[in-house]
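# Observations on the model geometry
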Amino acid sequence: MTVLQQFEQWLLNYWPSWAAYLVPALIAFLIIVVIVLVGALLFIYFERRFIGRFQIRQGPNRAGPLGILQPVADAIKVLIKEDIVPIKADRWVHYWAPIIAFFPVLMIFAVIPWGQGAIFADLNIGILYVIAIGSVAAIGIFMAGWGSNNKFSLIAGMRTIAQMISYEIPLVLSIVGVLIIAGSLSMVSIVEAQHVPFVLLQPLGFLIFFLAIAAELNRSPFDLLEAESEIVSGFHTEYSGMKFALFYLSEYAHAFAMSAVAVTLFFGGWGWALLPGPLWFFIKVFMLFAIFLWMRSTLPRIRVDQLMGFAWKFLFPLALINLFITAAEALIWPGFPWWLLFLNLAIAALLIVLWSGLFPVPGEGVSFNRYGRGIAKGMALTFRHLFRHPITVQYPEQKLTPAPRFRGYQLIWYEDQCNGCRACVRACPVSIIDIETQKGEKGLVVEKLEVDFGRCLFCGLCVEACPVQALFMSRDYEKATYRRESLVMNKEQFIAAEKRRSAYAYPDLEAEMPPQTLLAPPKEGR
Amino acid sequence: MMPTEVALAIILLPFLSFAIISFIIRPFFNNRPQISGYVTIASIGTSLILSLWALVEVVKAPGHVLTMPDYLWLAIGDTSIHIGVTVDALAAVMLIVVTLVSLLVQIYSQGYMHGDPGYSRYFAFMSLFTGSMLGLVLADNLVFLYLFWEGVGLCSYLLIGFWFHKPEAARAATKAFLVTRLGDFGFLAAILLLYANTGTFDIGELHELALVGTLGGAVLTWAAIGIFSGAVGKSAQFPLHTWLPDAMEGPTPVSALIHAATMVAAGVYLVARMFPMFASSTEAITTVAIIGGFTAIFAATIALVMNDIKRVLAYSTISQLGYMMLGLGAVGVAVASGALDLEHGLMLGVAVGIFHLFNHAFFKALLFLGAGSVNHATGTFDMRLMGGLRKAMPWTYATFLIASLSIAGIWPLAGFWSKEGILAESFHSVPILFALVLITVFLTAFYMFRVVFMTFCGEYRGQSQDSHGLHESPMVMIGPMVLLAILAVVSGWLPISEFLGGESHSFFGALASPMSWASLVLAGLGIFLAYAIYSKKWISAESLRRAFAPIYTLFSRKYWVDELYENFFVMRILIDGLFAAFHRFDDRVIDGLVNGVAGGTVAAGRHIRRVQTGQLQLYGMAIFVGILAIVAVFFIFG
Amino acid sequence: MAVGLEHFLILSAILFSIGLYGALAKRNAIVILMSVELMLNAVNISLVAFWRYVAPALMTGQVFVIFVMVLAAAEVVVGLAIIISIYRSRETVDVEQIDLMKW
Amino acid sequence: MEIGITIAFWVLAAVIIGAALAVVLLRNIFHAAIFLVLCFFTVAGIFIILSADFLAGAQVLIYVGAIGVLIIFAIMLTRETQRGNPSGRLRLPALIVGLLFLITMVAVVVSTNWNVVAEIPEPTISSLAQALFSKENGFVLAFEIAAVLLLAAIIGAIVLVREK
C-alpha cells in the first residue's frame, strides 16, 4: 500500500469519494513536479561543476555561493529571451513539440519508487509503462524537427529518431534480462526482488542498459546530433526562449528519470543500510549521473554510422546473448544464488573482449587491448583530474600578467615629458592622435590632446616615434566601454589614468616587469 | 384350299423380277436388255395364273372370302403390326384386272420401248409397280396397305420421270409425287386417328367397330374423310387432279397401265375396301358422292378443248374415276340415309363402283395403247398435226373405235352396263349429281369421237413428207391392243356385279329402262355432233370457238386451276407467306438469338471491363458493399 | 450511466467507419495506410471490450489483439516500403495515378 | 471510482473520434499523422479503462513508438506534403458506404443482447502469458509464426527499399 493510497483511504472517511480520490493525486503530482524541477536544476548545476572538475577547471562559481544559483540564472536567462518562431514554420506543430517532448518524461516519474511505499502509482506493468512512454518522446522530436521549417533541424530530427529507435531495442532486451530474474514487471516488486543488486547478477545487461540510456538521452559519446561543436544544434535549432527551456529541461529530466529507473532496476532502488531509503536512492541516482558526466568529459563523439553500427552490431547481439544466458541460468539455478555474479562477470568480460574483435577499424584491425585499455586509461586520467586543483583564474579579481613587452590597451602619456613636437601624430598610420599646442614660456604647452582608441591599431609606432619618451604602451588588456564616445580619451583622462607601463620599445624596462602568467609556457614536469 | 403362300407369291413374284433385273441383269447383262423384258413378262404371267386360281378359290369359298392367317411383322411396346392377306371377291377381281392389264402393257412395252437406253430400268420399275399394286390390293391391315400405297406412289414418280433428262418430265414427276403425297398425308392422319381410337389397324375389325357404332361420330367422319383424301390424291379427283395431265410426260405404256387402269383406280379400290366405314358416316359418303360427281363433269368439260391426245385421255380418265366415286357415293348415301338395308347396300355399292372400274381399266388401257401406236407412227401427240390415219393404221383405228364406243356407253359394249348402273343408283339417291352426270355422258361421247375424227379421218396434217411415211405398228404392239379390244367388249357381259354382290341385269332387259334410253340418246347425239364438226365440218370448230370464246378460254386454261395452285397457293401462300415467314423467323429469331447471345456477351464484356478501373479503392468499396448487402439480406430475411 | 459493452462497440464501429471512409476516399497512399491502421485499432477496441465484458476468464481476446498488433506492424512496414519504392520510381503516391492494374 | 471511468470513457471517446476525423479530413498530412498518434495514444487509454493494462503498454509501445514514427518517416521521405491530403473521386460513395456500415454495425450492436459478465478481471500479465505459452491451450505455434511473419516483413521491406 503506497503512502498515497493510505492517505486516500484516510481521506475517504472525511470527504466525498471523488474528492478523496482526486486531491491526493493532485498533491502527489505537485510533489513530483517539484522534485523533477529541483532535480533537473541540481543535475544541471551538478553537471556544469563536475565537468569542470573533470577538466581541471572551476566550473560556475559566480552566481550564488559556489555557483549554486547558476542554473537558476540560466533558467531566467532562457525564459527572458524572445521566443522566435520561423515565419513559414508550421505554427501548431512548432508550439506543441516541446510539450509533447517533455510530457512523457514527466510521466515516467509516476512509477519510480523513491522509497518504501513512496511511489505515485504502483502499476503492475511498471517497467513496460516506462519503456512505452519513453518511445513517445520520439514523436515530440519529430514535431520539433518538422515544425521549425529548417532543413537541418528536420534531418537532425530524423537522425535523432533513428538513433533513439535503434537503441531502444537493446534497452528493452537488457530490461527483459532483469525481468527474468525479478519475475514481475512492477517496479516495487523488482526492487524487493533484488537481494543481490542486479548489476552484479547482470553485469552485461547493465552495461548494455547504461550505453543504451546514454544514447537514448543523446548524451556524451552519442550526442553528436546536438553537440556544441556541430554547426547546428540538432532539432531544437529554431527554438529559443521558453520552448528551448522546456527542451533543455526535458533533456535533464529525462536523464534524471532514466538514471532513477537504472537505479531501481540494477542498484536495488531505495535503502541499503543506515541512511533513510529515499536518501540512498538520490545518492545512487547522483552516482549514476556522475558516470554519465565522467563519460561525457572523456570519450570523443561517435560518428552517426558508427553509432548505428554500435547499436545493431554490438549491443543488440550482446543483449540477445545475455538474455539467452540469463534464461539458461533461470532454468538451472532458479533462485539466482549470489555467487552467480562471479560467473556472470566472467562471461560479460569474455563476451565483450570477443565481440569487440568483430569491429575492425578499417585498415588497422582493432584489438581489445588497444581500444579497451585506451578507454579505460582515458577514464582513469579524467578521474584523476577530479583530485587536482582547478587551474581556473578568477578573472576580474585575479588578473594575469601579460608578457613584458605587451602592447596594452591604453596609451600612457606623461604631460611633463611631452614637448608637443607632434612626431607621434605624423607617425600614426591611422592618424587618430590630435594635439593642439599653445605657446608656453619654455616651449610648446599641450593644450588639447585627443586619441580615438576606437581605431587604434596598437601598432606602437607613436611610442617608437616619441623623441622624449613621453609615450608608453600599457600592460592592461580589458577596457570595455559601453559607448563608442567613451573610447576617445582627452588630456585630463590621460593625466588621471593609472600608469602601468609596458616594456615595449624600452627593453631596459623589461627587468622590472612582473613575471608573465597569461599564456605562459608550461613549466616542465606539471 | 389355296395356301397363304400362294397369295403371298402373287405379290412377291413381281418383286422377285425387280430384284433379278436390278441386281443381275442391269449390272451384268446390260448389253442384252431384252432379257429383263422376258423376266418381267414371265413373273407377271405366273402372277396372273395364280390370281385366276385365287379367283376360282374365292368363287368356291363360302361367302366369297378366303381367310388367311397373318404373321407378326413387328412389335414395338404394346403395339404390334401383323401382315395378313385377305382374298375376297373385291380383291380377286382387282387381282385379275391388275395382272391382266399389266401383262398386256409389258408385252406392248417391248415394242414401244425398243432401243431405249433405260430399257431394263423401265422393266425393273414396271415389275416393282405391279408388285406393290398387287400388295395394295391384297393387304388386310391399313399399315401394310399404306406401305404398298407409298410403293405405288414411288413407282409412279419413277416412271413418270423415266426420261429424266427431259425437264418437263422431271417436273411432272415431282409434281405428281407431291400432290399425291398431300393426299397420302390425310390418309396417314386417318390411320393414326383410327389406331388412337380403336387400337387396331385391321380392316375387318375396323368394319365391325364402325358398324356396331363404337367407332362413330366425329372420329369416324374425320377418319373417313382422311382416307378419302388419300383416294382423292391417288385417283386425281377434283382438288388434287392437276398432276395426272402432266403425268403424260412419261412413256405411253406407263400412262396406259398406271394412269389408266391400276394406280388411279387404287383410290376407288380403297374407298370400296373401306366402304362399310364410309357408309356409316353420312357426311363422309356425301362428300365422296359430291366430289365424284363434280370431278366427272369438271374433267369432261376440259377434255373437250384439249389438242393433245394423251391430255384428252387423261381428263377422260379423271372424269370416269369421278363416275366410280359417284357410284360408290350414291349407294353409300342411300345406305347412310337408311333407304337401303345395311347388309345388302354395302355389297351393292362396291359392286357398282368396281364393275365400272373393271370395264374402264380395259378400254382406257386400250385407248392409251392406241395413242401410243399413233405416236409411234406420227412422232407426235398433237391431234392438229394428225388426220387420215384410218388408211395407214387400220388395226389401231379399229381398236380405238371400239374403245371409244365402249367409253361413250353404246349399248352392247362394257361401258354401257357399268355406267348405266351408276346412273341408276345416283338417280335414286343423289338426283342433282345425276343431272350433272347425265350431261357428262353427252360430253364424254362428244370429246371421244372428236379425238377419233381428228386423228383418223380427214387428210394428214403432219409435217413429215406425205402420208406414205406412216406405217402400222408392229405385231407385238397390235396384239395386246386387239386382246384389250375383245376384253373391252366382253367385260360388260361377265357376271362381275353379281359376283361382287350387286344385282344382275338381263342382256336385253336393260334396253327397257328409260334411263338407258336417255343415256343412249345423249351418247348418240354427242357422237353425231362430233361427226358434224370434225368429220364433215358442217359447223367449223373455229366459229364455235369464237362463239363460246369466254367458255372456250375457261376450259382451255383448265379453269386456271394450275395457275391457282402454282402461282397462288405455292408461290403466294407457301413461298411468299409461310416459307418467307419461316425464313424470317429463322433469320431473325434463331440467328438473332444465337448472334444476340454472342453480341450480348461481347457487349457485357465491354461494359463489365470498365469496372476493372485499376483503382484499388473501388475494389475495396466493392468488398464492403458486398458485406453490407449480405448483412441486409440477413436482416430482411431474418 | 455506467459504461457498458455497447459503448465500446459503438465507439469501435464509429472509428472503423471513419477509417473505412479514409481508406476509400483519400488519394494519398500514406493516408490510406493510416486509415487502415485506424480500422485495425477499432477492431482491437472491440476485441478488448469483448474480452473485458464477455469472457474475462479466457485470454483469447487479448491474444488476438496482440496478433492484430503484430500484423498491423508488419503490414505498415511492408506497405510503406511499397509506397516508398513506388514513390521512387513514379515520383508520386497519388493512388489515382497508380493504376497499372487496369484492364 | 465508477464516475471516474465514465467521464474518462466519454472524454477519451470524444478525443478518439475527433482525432480520427482529423486524420481523415485534414489537408496537411503531417497534422493528420500527429492526430493519428494522438488517436493511438487515446486508444491505449481506452484499454486502460478496460483494465487491459499490458495491452495498453503494448499499444503505446507498438503503435505510437513504432508505427507512428514509421508513418511520419514515410511522410518525410515522400515529398507529397505540398499536395496535402486531397480526396479522390470516390468521396461521396465512400461516405455513403461508411455511413451505411456504421448504421449496420450499430444496429447489430444494439439489437443483440450480449451476456455481459460483470466481474472485474485481475491483472492480466500472468494469465496472458499462460494463454500465450502454456502447453495445452497456448498459442505457441501462432506466436512463432507471428515472429516469422515479422521477420519476413522486415526483410521484405529492407530488400524493397534498399538503394540498388
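Quick notes on the rules
Residues numbered from 1 in each chain as written. Chains lettered and ligands numbered in written order. Predicted model: local features only at pLDDT ≥ 70, side-chain atom pairs only at ≥ 80, totals over all residues. Heavy atoms only, no water. Helix = DSSP H or I, 4+ residues; strand = E, 2+ residues; numbered from the N terminus. Contact = heavy atoms within 4.5 Å. Salt bridge = Lys/Arg side-chain N within 4 Å of Asp/Glu carboxyl O. Buried < 20%, exposed > 50% of the residue type's maximum accessible area, 1.4 Å probe, protein only. Buried area = accessible area lost by both parts, 1.4 Å probe. Polar contact = N/O pair within 3.5 Å; in protein donor to acceptor, adjacent residues only side chain to side chain. Nonpolar A, V, L, I, M, F, W, Y, C, P; charged D, E, K, R; others polar.

## Quick look at the environment of Ala-299 of chain B
Residue and element names in this part refer to chain B. Looking at the secondary structure, you find Ala-299 in helix 13 (residues 282-305). C-alpha separation for the pair Ala-299 and Thr-440, spaced 141 residues apart in sequence, amounts to 9.1 Å. Contacts of Ala-299, omitting those with residues within four sequence positions, involve Tyr-315, Ile-318 and Ser-319.

## Some thoughts on the pattern of salt bridges
Residue and element names in this part refer to chain B. Per the stated rule, a full pass over the model turns up 29 salt bridges over all chains. For Arg-181, the salt bridge goes to Asp-184, with nearest N and O atoms at 3.9 Å. Of the two residues, Arg-181 and Asp-184 are both situated in helix 6 (residues 167-198); the distance of 3 residues between them amounts to about one turn of the helix. Asp-184 gets classed as buried once you look at its relative accessible area, which sits at 1%. The structure contains a network of salt bridges with shared partners spanning Glu-150, Arg-181, Asp-184 and Lys-234.

## Considering the environment of Phe-406 of chain A
Residue and element names in this part refer to chain A. Among the secondary structure elements, Phe-406 is positioned in the loop between helix 14 (368-386) and strand 1 (412-413). Of the residues examined, Phe-406 reaches a relative accessible area of 25% and is grouped as partly exposed. In sequence terms Phe-406 and Tyr-504 are 98 residues apart; their C-alpha atoms lie 6.4 Å from each other. The residues touching Phe-406, leaving out its near neighbours within four places in the chain, are Met-473, Ser-474, Arg-475, Asp-476, Tyr-477 and Ser-502.

## Focus: the interface of chain C and chain B
Contacts between the two partners involve 16 residues from chain C and, on the opposite side, 11 residues from chain B. Between chain C and chain B, the buried area comes to about 1,000 Å², and carbon and sulfur atoms account for 66% of it. Our enumeration of links across chain C and chain B arrives at 0 salt bridges. The interface formed by chain C and chain B contains 3 residue pairs in polar contact (both at pLDDT 80 or more). Among the secondary structure elements, those contributing two or more residues to the side of chain C that touches chain B are helix 1 (5-25) and helix 2 (29-53) of chain C. By residue number, the principal contributor to the side of chain C that touches chain B is helix 1 of chain C, which donates 5 residues. Tallied by class, the residues present in the side of chain C that touches chain B amount to 11 nonpolar, no polar and 5 charged.

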